[in-house]
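For reference, the chains in residue letters:
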Amino acid sequence: MKNTAFIKNLYSKCKMHGSGEAQVIISDGELSSLLSIALDNLGWSHDDLQIIKVNVPDDDYYNIPISWFDSIAESDISAEDVISALTACFNQDNDFALFIENLSALHRRRVKYQRILSSQPMSNMDQIGPRSLLEYGGCNTTLLANWMVWRKWIYDIDNRSAQETGYLFQPLLASCLGGKPVGAKNSPVKRLDANGNPTNQGRQIDCLVPSNNRTYELKLRVTIAASGQGRFGEELSFPEESQAAGFIPVLLVLDPTPSNRLTELSEKYLACGGAFYHGEEAWRHMEQEAGEVVSVFIERYIKPAIQGIEEIEIEYPKSINLRWSDQVIEISDDSSSYVINRL
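With that out of the way, let us pick up a nonpolar patch on the surface. Taken together, Ile-154, Ile-320 and Leu-322 make up a surface patch of nonpolar side chains, about 250 Å² in accessible area. By secondary structure assignment, the location of Ile-320 is in the loop between α11 (280-310) and β10 (321-324). Take Ile-320: its relative accessible area is 49%, and that puts it in the partly exposed class.

It is worth spelling out the packing of aromatic side chains at this point. Aromatic rings considered in pairs are described by the distance between their centres and by the relative angle of their planes. Scanning the entire structure with this criterion turns up 14 aromatic pairs. Measuring from ring centre to ring centre gives 5.4 Å for Trp-153 and Trp-324, while their planes differ by 70 degrees; the resulting arrangement is edge-to-face. You can see Trp-153 sitting in helix α8 (residues 141-176) and its partner Trp-324 sitting in strand β10, a full 171 residues away along the chain. We classify Trp-153 as buried; its relative accessible area is 5%. These aromatic residues form a ring-pair network of at least three members: Trp-44, Tyr-61, Tyr-62, Trp-68, Phe-69, Phe-96, Phe-99, Phe-297 and Tyr-301.

Among the structural elements, Ser-118 can be located in helix α6 (residues 96-119). Relative accessible area serves as the criterion here: at 12%, Ser-118 is assigned to the buried category. Along the backbone, Ser-118 and Val-328 are 210 residues apart, and their C-alpha atoms lie at a distance of 8.3 Å. Once residues lying within four places of it in the same chain are set aside, the contact partners of Ser-118 are Ile-340, Asn-341, Arg-342 and Leu-343.

So, about the sheet that holds strand β11 (residues 328-332). Taken together, the 3 strands give an open sheet; going across it, the order is β10-β11-β12, and neighbouring strands pair in antiparallel fashion. The open sheet terminates on both sides in strands that have one partner only, identified here as β10 and β12 (337-341). Adjacent strand axes in the sheet meet at a mean angle of 10 degrees, parallel and antiparallel pairs treated alike. In this sheet, β12 lies alongside β11 in antiparallel orientation, the contact comprising 5 bridges. Along β12, the bridge assignment pairs Ile-331 with Tyr-338. Against the sheet, α8 engages β10, β11 and β12, with an angle of about 90 degrees to β10.

How each quantity is defined
Residues numbered from 1 in each chain as written. Predicted model: local features only at pLDDT ≥ 70, side-chain atom pairs only at ≥ 80, totals over all residues. Heavy atoms only, no water. Patch = residues over 30% accessible without salt bridge, like charges linked within 9 Å, V, L, I, M, F, W, Y side chains within 5 Å. Areas by Shrake-Rupley, 256 points an atom, 1.4 Å probe, with all protein chains shown as cover. Salt bridge = Lys/Arg side-chain N within 4 Å of Asp/Glu carboxyl O. Helix = DSSP H or I, 4+ residues; strand = E, 2+ residues; numbered from the N terminus. Buried < 20%, exposed > 50% of the residue type's maximum accessible area, 1.4 Å probe, protein only. Phe/Tyr/Trp six-rings, centres within 6.5 Å; stacked < 30°, edge-to-face > 60°. Contact = heavy atoms within 4.5 Å. Pairing = 2+ DSSP bridges. Axes fitted to C-alpha atoms, helices over the stretch in contact; angles between N-to-C directions.

Structure, rendered in structure tokens:
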């Protein structure tokens, strides 16, 4: 079997991340299902590659409940079966390794977040009671108490969501561009002093691609109200510091909405010898850099989720109902419901 050490390492990366209570390990059955879904996405033949086709509930991964993946966790798929399938796919096209690694990372984070939704505790009045001082008397006391409990739970869940998304979204985009995020501590891009000289303080890089010497700033959107003046000054200084470090700064903004801030920021990147990609042009650039295989991942997994939610225009949030019982939390409106099973 070729590439044995590499494939075993890839298998490990796909299977797990984290440690302790935060560790997520997906089963060989789940990973086998993800492999089968990936082959269908790419239009590759299961028979030609001698890989078992898993009958999934839907062609769209996002329409498959996490509970379905749980149900196949006890399947008789072995680690050797999965490693053999990974090897066949890698030998078909080496870029498959990045495709399945990214799909597995996405799936693991979604599994983890479902666990968070199922187990995030409801706060008690000892934790939030003093906050009633700001609103007590403004409404019925029972209503106020329930409102405080709901909003604290939603606040906690939203914080966890932001945390998990931070670990997932930017690394996914960076990998599709052929690079990876770099923290300030190990960054080759340094802050400049008042005289334009490099200091010892590094700048965080959303995506560094050494193969083409690019540093990317990755954004969903840039609006007038997106940041304060101090933060915007930081954003304007990044292309200068990248250029001073010998890199080509690239601004990539996925949302097509124009703004004065975006114009100013993009002009700064261009003035520093960089590039600017916006809206559909940004998506095309990512897919071009990703190549034939990984661009399918962008089209199937990143673009639909981002554009699908962006297309919903909300002038005012519509009314929703919140219900909590021993078994479930249900969020619903007049036409649909979202049920979270509680542990």
